[in-house]
Amino acid sequence: MTCHKRYKIKKKVREHHRKLRKEAKKRGHKKPRKDPGVPNSAPFKEALLREAELRKQQLEELKQQQKLDRRKEQDLKRKLETDPDDEPSNVESVEEFGQSKPKRAKLSKQNPKTVHCQELKKVIEASDILLEVLDARDPLGCRCPQVEEVIVQSGHKKLVLILNKSDLVPKENLENWLNYLTKELPTVVFKAFTNQKDKRKMTKIKKKAVSFKRKGCIGKQCLLKLLGGFQETVGKPVQIGVIGFPNVGKSSIINSLKQERICNVGISMGLTRSMQVVPLDKQITVIDSPSFIVSPLNSSTALALRSPASIEVVKPLEAASAILSQADGRQVVLKYNVPDYKNSLEFFTHLAQRRGLHQKGGTPNVERAAKLLWSEWTGASLSYYCQSPTLWTPPPHFNENIVSDMKKGFNLEELEKNNAQNIHAIHGPSSANSILFWSSGLTNGIMEEKDIPELPKQRQQGIQEEREDSEDKERISDMSPIEETSEALPEESIAGEPSTRSLIILDEKTKEDAYDFSTDYV
């Protein structure tokens, strides 16, 4: 910092200290009153002292017992959470949906990718209609041909496309994508409820105002009418599975339909790790599912946009560079308000200086700038769009017969009318305020467990720790300072060198050593 700023800060600090001394002088120095104790002339002095000492010992024993009970309770909870053998069942039944609370599957201690594949298969098997949620900013990149092929091969299941986050793309681009996708499958334009601050109940918006409320839900009535019409055609209760890649808004769509935050949603990718049954009414049940697993054979851009950090090894600098290479450089410069750049490293340096991201010594923090760009492009706030293909070519797993079968049972005329109303109600950005992005096409996924690459043991343990990190934070926040210190773990030691750490816990009241233990960690 400049000398002017440094001396100004020092001056303010001196003035603050002077003010504190002045106030302390006014209050005066008051000595704490010393306990005189029991006078010698008092009768039964020894008995009173023994009684006071006994009460003190009983109080200490009670505190120690309460501390041990708390620890036993925490150990029991941890054991129930981590030990799959003690759990009554791995997955709760999908057919029972009379309860108001959602049903979640218990996750075992295994590769999270394997769990995702298992849960996704269960959702597909249990569903009559599959809603594949697409990000309107890159609809083609959010489609998985492997999953769609499994649904087509089942023969009796329907597939519907949901264009979510439709308020983040220009209207002309949204209409072009709708016309392109409708040639293949029934497509619904949707904008999920995005207010993350409300954790209990969403504000119910009047029907007249729902079309013009920016933070409200758009497309809910259209989707409910489409599903209700299909249920009446079938004449029996139907189950709807919601599937898609990470951060496309699967859980947000369910919350919008239910008008209640019943599914966990957030900024981070891959929050949903198990199937979750949510009954909408007596005839329609919605099943939330974990995200698709991205195949490592995809392009670097697809891996950067569709890989959640909870189950994948994501390097922010490489991921952000891959995203930046597919975006329009001129519009990126205008959006982030940085000078022209020759390569991604120069851009991240400019971005770090612009946003005030500095390391010790004042050098720009390029890693944090890359992480910032990656989180914005995978989040739900940045406006960018991809051009739709000029000619429609059906995927290999689709033909004319399959396309006509997928559209049977749906009122397509009413769907087209409702989509037009929803597009008119959406307040999207203009093309000048959005960033043009070149899509890498369909994103390949993994459906079979045998195709999942094995994780190294260290990475698998790291993923398990990340998944349990949120639970540990809540547990540690409720502990006393002594317990928090005793639960602390040492940092990872260097490979091949055991690290020894001695934890000394101090009793804050008596300032004496309570206990001391040493443990070797390899």
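Below is a summary of the structure that appears in this document. From a predicted model like this one, the values you see are computed outputs, not experimental measurements. (Residues numbered from 1 in each chain as written. Predicted model: local features only at pLDDT ≥ 70, side-chain atom pairs only at ≥ 80, totals over all residues. Heavy atoms only, no water.)

Time to look at the overall build of the chain. The number of helices and strands found in the chain is 16 helices and 13 strands. When the 522 residues of the chain are sorted by exposure, 40% land in the buried category. Sequence separation of at least 24 residues holds for 72% of the intrachain contacts in the chain that already meet a minimum separation of 6. Element-wise, carbon and sulfur atoms account for 51% of the exposed surface of the chain, whose accessible area totals about 31,500 Å². (Helix = DSSP H or I, 4+ residues; strand = E, 2+ residues; numbered from the N terminus. Buried < 20%, exposed > 50% of the residue type's maximum accessible area, 1.4 Å probe, protein only. Contact = heavy atoms within 4.5 Å. Areas by Shrake-Rupley, 256 points an atom, 1.4 Å probe, with all protein chains shown as cover.)

Together, Met1, Ile9 and Val13 make up an exposed nonpolar region whose accessible area comes to about 300 Å². Secondary-structure assignment places Met1 in the segment before α1 (3–27). (Patch = residues over 30% accessible without salt bridge, like charges linked within 9 Å, V, L, I, M, F, W, Y side chains within 5 Å. Salt bridge = Lys/Arg side-chain N within 4 Å of Asp/Glu carboxyl O.)

This part is about unusual backbone geometry. The backbone of Gln259 shows a phi angle near 55 degrees, a positive value even though the residue is not glycine. Mapped onto the elements, Gln259 comes out in the loop between α7 (250–258) and β6 (276–279). Looking at Gln259, the relative accessible area reads 23%, which means it is partly exposed.

This part covers a positive patch on the surface. A surface patch of positive charge is lined by Arg6, Lys8, Lys10, Lys11, Lys12, Arg14, Arg18, Arg21, Lys22 and Lys26. Residue placement: Lys22 occurs in helix α1. We classify Lys22 as exposed; its relative accessible area is 59%. (Lys, Arg positive; Asp, Glu negative; His and termini not counted. Charge placed at Lys NZ, Arg CZ, Asp CG, Glu CD.)

Each pair of packed helices can be summarised by the angle the axes make with each other and by the distance between the axes. Interaxial distance between helix α11 (residues 344–355) and helix α12 (residues 366–378) falls to 8 Å at its minimum, and their mutual angle equals 90 degrees. In terms of orientation, α11 and α12 fall into the roughly perpendicular class. Contacts from Leu345, Phe347, Phe348, Thr349, Leu351, Ala352 and Arg355 in α11 reach Val366, Ala369, Ala370, Leu372, Leu373 and Glu376 in α12. Taken together, the residues that form the contact of α11 with α12 break down as 10 nonpolar, one polar and two charged. (Axes fitted to C-alpha atoms, helices over the stretch in contact; angles between N-to-C directions. Parallel < 35°, antiparallel > 145°, perpendicular 65-115°, else oblique. Nonpolar A, V, L, I, M, F, W, Y, C, P; charged D, E, K, R; others polar.)

Taken as a whole and judged by the stated rule, the model has 11 salt bridges. A salt bridge links Lys121 to Glu448; the nearest nitrogen and oxygen atoms lie 3.5 Å apart. With Lys121 in helix α3 (residues 112–126) and Glu448 in the loop between β11 (445–446) and α15 (457–477), this pair connects stretches of sequence that are 327 residues apart. Residue classification places Lys121 among the partly exposed residues on the basis of a relative accessible area of 24%. The exposure class assigned to Glu448 is partly exposed, which follows from its relative accessible area of 38%. Close ionic contact of Arg143 with Glu148 constitutes a salt bridge, the shortest N to O distance being 2.9 Å.

This next bit is on the state of the cysteines. The full count for this structure, using the stated rule, is zero disulfides. A disulfide-free cysteine, Cys142 has its sulfur positioned 9.0 Å from the sulfur of Cys386, the nearest such atom. Judged by its relative accessible area of 1%, Cys386 falls in the buried class. (Disulfide = S-S within 2.5 Å.)

With that out of the way, let us pick up helix α9 (residues 316–325). The set of residues buried in α9 consists of Pro316, Ala319, Ala320, Ala322, Ile323 and Leu324. The secondary structure elements touched by the buried residues of α9 are α8 (300–306), α10 (329–336), α11 and α12.

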